[in-house]
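Coordinates in review
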There are 4 protein chains.
Amino acid sequence: MIAILKAGTSEEQKNNLCNWFEKMGLKTHVSVGDYQTIIGLIGDTSKVDIGLLESMSIIETVKRISEPYKNANRKFHTEDAVIDCGNGVKIGGGNFALIAGPCSVESREQIVEIAKSVKASGAALLRGGAYKPRTSPYDFQGLHEQGIDLLLEAKKVTGMPIVTEIMNVNDIDVFEPVDVVQVGARNMQNFDLLKALGRTKKTVLLKRGLANTIKELLMSVEYIMAGGNENVILCERGIRTFETYTRNTLDISAVPVLHELTHLPVIVDPSHATGISRMVEPMAMAAAAAGADGIMIEVHNDPEHALCDGAQSLRPEQFESVCKKVNKIREALK
Amino acid sequence: MIAILKAGTSEEQKNNLCNWFEKMGLKTHVSVGDYQTIIGLIGDTSKVDIGLLESMSIIETVKRISEPYKNANRKFHTEDAVIDCGNGVKIGGGNFALIAGPCSVESREQIVEIAKSVKASGAALLRGGAYKPRTSPYDFQGLHEQGIDLLLEAKKVTGMPIVTEIMNVNDIDVFEPVDVVQVGARNMQNFDLLKALGRTKKTVLLKRGLANTIKELLMSVEYIMAGGNENVILCERGIRTFETYTRNTLDISAVPVLHELTHLPVIVDPSHATGISRMVEPMAMAAAAAGADGIMIEVHNDPEHALCDGAQSLRPEQFESVCKKVNKIREALK
Amino acid sequence: MIAILKAGTSEEQKNNLCNWFEKMGLKTHVSVGDYQTIIGLIGDTSKVDIGLLESMSIIETVKRISEPYKNANRKFHTEDAVIDCGNGVKIGGGNFALIAGPCSVESREQIVEIAKSVKASGAALLRGGAYKPRTSPYDFQGLHEQGIDLLLEAKKVTGMPIVTEIMNVNDIDVFEPVDVVQVGARNMQNFDLLKALGRTKKTVLLKRGLANTIKELLMSVEYIMAGGNENVILCERGIRTFETYTRNTLDISAVPVLHELTHLPVIVDPSHATGISRMVEPMAMAAAAAGADGIMIEVHNDPEHALCDGAQSLRPEQFESVCKKVNKIREALK
Amino acid sequence: MIAILKAGTSEEQKNNLCNWFEKMGLKTHVSVGDYQTIIGLIGDTSKVDIGLLESMSIIETVKRISEPYKNANRKFHTEDAVIDCGNGVKIGGGNFALIAGPCSVESREQIVEIAKSVKASGAALLRGGAYKPRTSPYDFQGLHEQGIDLLLEAKKVTGMPIVTEIMNVNDIDVFEPVDVVQVGARNMQNFDLLKALGRTKKTVLLKRGLANTIKELLMSVEYIMAGGNENVILCERGIRTFETYTRNTLDISAVPVLHELTHLPVIVDPSHATGISRMVEPMAMAAAAAGADGIMIEVHNDPEHALCDGAQSLRPEQFESVCKKVNKIREALK
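Residues numbered from 1 in each chain as written. Chains lettered and ligands numbered in written order. Predicted model: local features only at pLDDT ≥ 70, side-chain atom pairs only at ≥ 80, totals over all residues. Heavy atoms only, no water.

With that settled, the discussion passes to the overall build of chain A. Check the secondary structure of chain A and you find 10 helices and 14 strands. Within chain A, the proportion of its 334 residues that are buried is 64%. Carbon and sulfur atoms make up 47% of the accessible area of chain A, which amounts to about 11,900 Å² in all. Charge centroids of chain A, computed over 37 positive and 42 negative side chains, lie 2 Å from each other. (Helix = DSSP H or I, 4+ residues; strand = E, 2+ residues; numbered from the N terminus. Buried < 20%, exposed > 50% of the residue type's maximum accessible area, 1.4 Å probe, protein only. Areas by Shrake-Rupley, 256 points an atom, 1.4 Å probe, with all protein chains shown as cover. Lys, Arg positive; Asp, Glu negative; His and termini not counted. Charge placed at Lys NZ, Arg CZ, Asp CG, Glu CD.)

All names here are of chain B. Its location among the elements puts Ser253 in the loop between strand E12 (232-236) and helix H7 (254-261). With relative accessibility at 1%, the residue Ser253 sits in the buried group. Polar contacts involving the side chain of Ser253 include one to the side chain of Asp251, which spans 2.7 Å. (Polar contact = N/O pair within 3.5 Å; in protein donor to acceptor, adjacent residues only side chain to side chain.)

Residues and elements named next belong to chain A. Taken together, four strands build an open sheet; the order of strands is E2-E3-E1-E4 and the sheet is antiparallel. Only two strands of the sheet have a single partner each, and these edge strands are strand E2 (27-32) and strand E4 (59-63). Across the sheet, the axes of successive neighbouring strands diverge by a mean angle of 20 degrees, strand direction being ignored. Sheet topology places E2 next to strand E3 (residues 37-42); six bridges connect them, and they run antiparallel. (Pairing = 2+ DSSP bridges. Axes fitted to C-alpha atoms, helices over the stretch in contact; angles between N-to-C directions.)

With 50 residues of chain D at the interface, the matching set in chain C holds 49 residues. With both chains or domains summed, chain D and chain C bury close to 4,300 Å², and 53% of this area falls on carbon and sulfur atoms. Taken together, the connections running from chain D to chain C amount to two salt bridges. Put simply, D:Arg240 and C:Glu216 hold a salt bridge, and the shortest N to O gap is 2.6 Å. Residue assignment for the side of chain D that touches chain C shows that the elements contributing at least two residues are helix H1 (11-23), helix H2 (50-55), helix H5 (191-198) and helix H6 (214-225) of chain D. Here the side of chain D that touches chain C takes five residues from H1(D), the largest share from any one element. Classifying every residue of the side of chain D that touches chain C gives 18 nonpolar, 19 polar and 13 charged. (Contact = heavy atoms within 4.5 Å. Buried area = accessible area lost by both parts, 1.4 Å probe. Salt bridge = Lys/Arg side-chain N within 4 Å of Asp/Glu carboxyl O. Nonpolar A, V, L, I, M, F, W, Y, C, P; charged D, E, K, R; others polar.)

By definition, the strands of a sheet pair up through backbone hydrogen bonds, in either a parallel or an antiparallel sense. Residues and elements named next belong to chain C. Spatially, the four strands line up as an open sheet ordered E2-E3-E1-E4, and their pairing is antiparallel. Two strands lie at the open edges of the sheet, namely strand E2 (27-32) and strand E4 (59-63), each paired on one side alone. For this sheet, the mean angle separating the axes of adjacent strands, direction not counted, is 20 degrees. Lying on the sheet, helix H1 (residues 11-23) is in contact with strand E1 (2-5), E2, strand E3 (37-42) and E4; it crosses E3 at an angle near 10 degrees.

Within this structure, the stated rule accounts for 12 aromatic pairs over all chains. Residues C:Trp20 and C:Phe21 carry aromatic rings whose centres are separated by 5.8 Å and whose planes lie at 50 degrees to one another, so their mutual orientation is tilted. Geometrically, the ring pair formed by D:Phe191 and D:Tyr223 is stacked, given 4.5 Å between the ring centres and 20 degrees between the ring planes. Of this pair, D:Phe191 sits in helix H5 while D:Tyr223 sits in helix H6, and the two are 32 residues apart along the sequence. D:Tyr223 matches D:Phe191 in its accessibility class, with the two residues each being buried. (Phe/Tyr/Trp six-rings, centres within 6.5 Å; stacked < 30°, edge-to-face > 60°.)

Before going further, it helps to examine helix H9 (residues 277-289) of chain B. Residue and element names in this part refer to chain B. Counted at 1.5 Å a residue, the expected span for H9 with its 13 residues is 18 Å, and the 19 Å between its end C-alpha atoms agrees. Taking burial as the measure, the 13 residues of H9 include 12 buried ones, the bulk of the element. Those residues of H9 that sit buried are Ser277, Met279, Val280, Glu281, Pro282, Met283, Ala284, Met285, Ala286, Ala287, Ala288 and Ala289. Directly beyond the C-terminal end of H9, a positive phi value near 100 degrees is found at Gly291. (Expected span 1.5 Å × (residues − 1).)

Locating A:Asn212 in the fold gives a position in the loop between strand E11 (203-207) and helix H6 (214-225). Exposure remark for A:Asn212: the relative accessible area of 8% places this residue in the buried category. Reaching out from A:Asn212, the side chain makes a polar contact with the side chain of A:Glu216 at a distance of 2.8 Å. Beyond its immediate sequence surroundings of up to four residues, A:Asn212 is in contact with A:Met188, A:Gln189, B:Arg240, C:Phe242 and C:Glu243.

Before going further, it helps to spend a moment on the packing of helix H9 (residues 277-289) of chain A against helix H9 (residues 277-289) of chain C. The relative placement of two packed helices comes down to the angle between their axes together with the axis-to-axis distance. Where H9(A) meets H9(C), the closest approach of the two axes is 7 Å, and the angle between their N-to-C directions is 150 degrees. For the element pair H9(A) / H9(C), the angle class is roughly antiparallel. In this structure, the crossing between H9(A) and H9(C) has a hand that is right-handed. Packed against H9(A), whose contacting residues are A:Pro282, A:Met285, A:Ala286 and A:Ala289, the element H9(C) presents C:Pro282, C:Met285, C:Ala286 and C:Ala289 at the interface. When its residues are assigned to classes, the contact of H9(A) with H9(C) shows eight nonpolar, no polar and no charged. (Parallel < 35°, antiparallel > 145°, perpendicular 65-115°, else oblique. Left-handed = near helix turned anticlockwise from the far one by under 90°.)

As a further point, take the pattern of salt bridges. This model, assessed by the stated rule, comprises 60 salt bridges over all chains. The closest approach of N and O atoms between C:Arg208 and A:Glu243, which form a salt bridge, is 2.7 Å. Here A:Glu243 lies in the loop between strand E12 (232-236) and helix H7 (254-261) and C:Arg208 lies in the loop between strand E11 (203-207) and helix H6 (214-225), a pairing that spans two chains. As far as burial versus exposure is concerned, C:Arg208 and A:Glu243 are alike and both buried. Between D:Lys155 and D:Asp179 there is a salt bridge, with the nearest N and O atoms lying 3.0 Å from each other. Placement of the pair is D:Lys155 in helix H4 (residues 145-158) and D:Asp179 in the loop between strand E9 (162-166) and strand E10 (180-183), with a sequence separation of 24 residues. On the accessibility criterion, D:Asp179 (14% relative accessible area) is buried. Connected through shared salt-bridge partners, A:Arg208, A:Glu236, A:Asp251 and C:Glu243 make up one network.

On to helix H1 (residues 11-23) of chain B. Residues and elements named next belong to chain B. Between its first and last C-alpha, H1 extends 18 Å over 13 residues, near the 18 Å set by a 1.5 Å rise per residue. Taken together, the buried positions of H1 are Lys14, Leu17, Cys18, Trp20 and Phe21. Here the buried residues of H1 occupy an arc of 155 degrees about the axis, which is enough to place them on one side. Opposite the buried face of H1, at more than 90 degrees from it, the exposed residues are Glu11, Glu12 and Lys23. As for H1, its buried residues are in contact with strand E1 (2-5), strand E2 (27-32), strand E3 (37-42), helix H2 (50-54) and strand E4 (59-63). Once H1 finishes, Gly25 follows within two positions and takes phi at roughly 85 degrees, a positive value. (Arc of directions from axis to C-beta.)

Right, dumping it as structure tokens:
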């Protein structure tokens, strides 16, 4: 870590600051230039509160040389992580997977039928919401434990491992049979939930918060990995911007940026990123072309509501078309 | 709720849609114009998933006439709510309060000294972090239960009710003696936590999420109030924008907007909104002028670290200056 | 256009409003429901100031049924436009083009050499800045007329039509020999410049402003097309968000959204969107996969500055790699 | 300027870089630490392209020690600038002014009547649009020269200096009799217009672009001041964020931030910042409390359209209320 002092800092102020650093167990290395003085800090600077330091009246700027995330850092793990998702399905390090299923689990018939359909099209994992985070308390909140049971039945029938979202630290036991535990965008900084998952060995699918930077996403990963759980998959699912035509703005550049910064796999959720079913296919193709390790897509299956083209969900035949095009792109780039 | 159909929608499609609404228990009222057809929906439309409806291929646009938040809605509660904060302190309906204290509770001496000091300057409530949400797992996470005990000691000495942040639904019992339970920006959509607080009678200080709209803030309030707890205070604490000079951007217009939409009191946190101690005074003054019902300010007290001007925290004498100026503005506007 | 009145609007207020509309030459069609009153407006509502209307105390909401852009609207032009870029190069309607060249034109040798190189790799158009919009007045502002002359020399040598940016309405004559006149992001709402270009027949490449919505981009197109010039190509080049890792955030979903809303071709500029040369290749591939009609890439050529990996510019061999991968994706999707 | 090299940079690469700097006429000062190497640059570093430098593969980070804006920099001008606005009206350095008038100049009667009214309430300057930047080419674009003539008539009657917006570099002569020439948000980076105004001595009111940072605003000021024109007033008028309830988000913290960074006066436009007339009064009060040097407010005057509460414009009696409250706040803070 480097601290650059403002012009005009007195010798006494500089010495006070150096003493303060040394009390924290850091060595200081002062370089006095014509225009500014630079203090280099050697030792474990992760304890230094950079916000506090930056706010000092004598500080021009502070720069951490090393990133504050260690476990997720590509620098220390040059090889891609390969994450086990159950039943032999892997993601990362060249292993690509399509994850598909309905927004909410509604009934045995619904989930089994969709599972068979998306498996036939090429999906490797089944997703479905049992616990639903809804902006309004008056909206349907999911089937809870029963929803997980129904997903497990669909797994038994199809052999597909299942992905579903956890919202409450107290539900970890209920999620024991779930293959991949999803932490949603709204909980990306629910640190107690992340810590609790870090104490398990469950594979965690961590979604980027809708207003969180890529660096913050990596710091949230760190909460899980610092507990000893290295089975983490990241998911870009759109960020909040001023544009209102799409529900969120898919930050497609997050895919190569995350691949540069971390060895963990990165998937994309074009359904939530755009909120418009017509945009799911082109965004899935863009994700494949940008190097995503997987794509998660909402698929519904309701012959009764045929007039509905399904908000952000695809119909099964639309999902099949996406699978084919994504495969073509992946083939072309081999 | 009104749904406007696209030009070219067939009679059959329109009838299918109307049948679908009627199955949900709604009455429909169709008005066929030269250029478009409008379906008015009568009944409890809170069950209608507006996102699903908007995505249908035959729908031009959908408009909810009534807001989906009921309990927090000014329309149904024309008088300002007055929220009891303990020890006779009230916020709202003309009752204004300054809330002050350190970022984190560190020791008995620290918190008691700051409490005495801010009380002398005019603060009515004492704030201090016991459970700290930190972006990095390697940063100080707070003193937890011990922090709450120290806040209670400061309360005993000064008589000031205390405000501190809860992060975990399992800590509700620990927060039993806390006067005002704060839900932080990162947990604004931690719905399980909101529901749990809704089942208590604790006064809740709910902070706006850093990328959440005003309407979403009101829907989160609804999670608390729907459970039967009407003791909620809202807090604007800055939103995330492209501007990087300040840590966040204080959305000062949220104060009059919230006063228009809800009867609940609205306070402002200029410390977190700007992240720069020099900006706290002018922003506190702006908040008072815009009609805030309270202002929450970080104050620290460390003679040893005198070289530090305290990130976003004020020194006690700076806080005293803020109090005086805020009072002058409030006097002027009486 | 539809205006929905607030509950409680008096008969007199409603009549006043209807009279006001009728004075503007509009016919009104009032539909009184149980919960609200709807006024449908028939006639040329493009004169109605929607902002003014929305602000009236008796108005609940206002909805334009028809989009305010006409000339660029896909509804009235179901076939893709094919835009002529000079020397037989076309963009749109299945015609795809790579546009490449340096940030700034610096010398004859530089621009001719880069032109030959990018042509050999597969670029169809040559770009290069002659007039440079720079945030700082102290930065290099370009070679101006001389820059255009050098681009024309490179065109003579290679046969590639040229693209370069105009900043000033008074330079239109100087741009007479330029094949494609670029309007940059900062000038997307420089309406006088757009109007002046609308009076010419020049092909215009209009970049999205860094904080402009897709709808605003289409309204700016309308300024050009309303003057009679239909030769417009749109360009997504990244928008400003809270994320700071990349210079801007590439809004890749703008490609299919624009293809849905307008018949005009849409290209992507991954160099400006990310500001990081390492991200140009994956973003170009994503753009091709999402259906872009062209991609514009900065390529530099400076053996002397070999230690530099070129900010957002690619080296010629990197550009060649991008061309090959983009072609593979386009082949795969045929 | 300081460049920090990545760990692992070879001696040869470091020397190449130093030679490159020295060719630019800079002196280098290398400090080799245990963990990184720092190169300090001495001389006129304004020529160094920081983006290029940051992109080099051997560079960890680059930091300009001195801000790139000189003329507008508070460091070199510790005293507040006092800007002459004509007819004895001054803004800055303790001189506060209210600027009021209609969105557009419509007729002699309209503008003279409003001018008299706002003067009586306490406005010092008259504003009114003659050239109007409109998102749609089909919206009213203003009366142009005739609008300026009408403003001058209102000036003759009331003695109030006038403020009106310029959009085209070719109109500078037409603006000769205008006291304060406004550059609107959309033209904040229309550099040719800024340069042209820099060659005059006109007082310029420069509005912040809706997606421009405070630093970019200061760099645009620099375009004007570098030409020799020091008569610049800055205006915060709301930025574009994800919040949609208000048209823009008033960045009230820009007032104290700009006062810290520059000696130029800073005014606030609450009408455009919120787009809602009901929010103008509380936002004007907040601006006064935050230390603004002036407030610019839209006031309309149309007895015929009495049913309209005027979008973002205030009625004369509402403006009078704002004036009184703003004065009370300013009195209180003396």
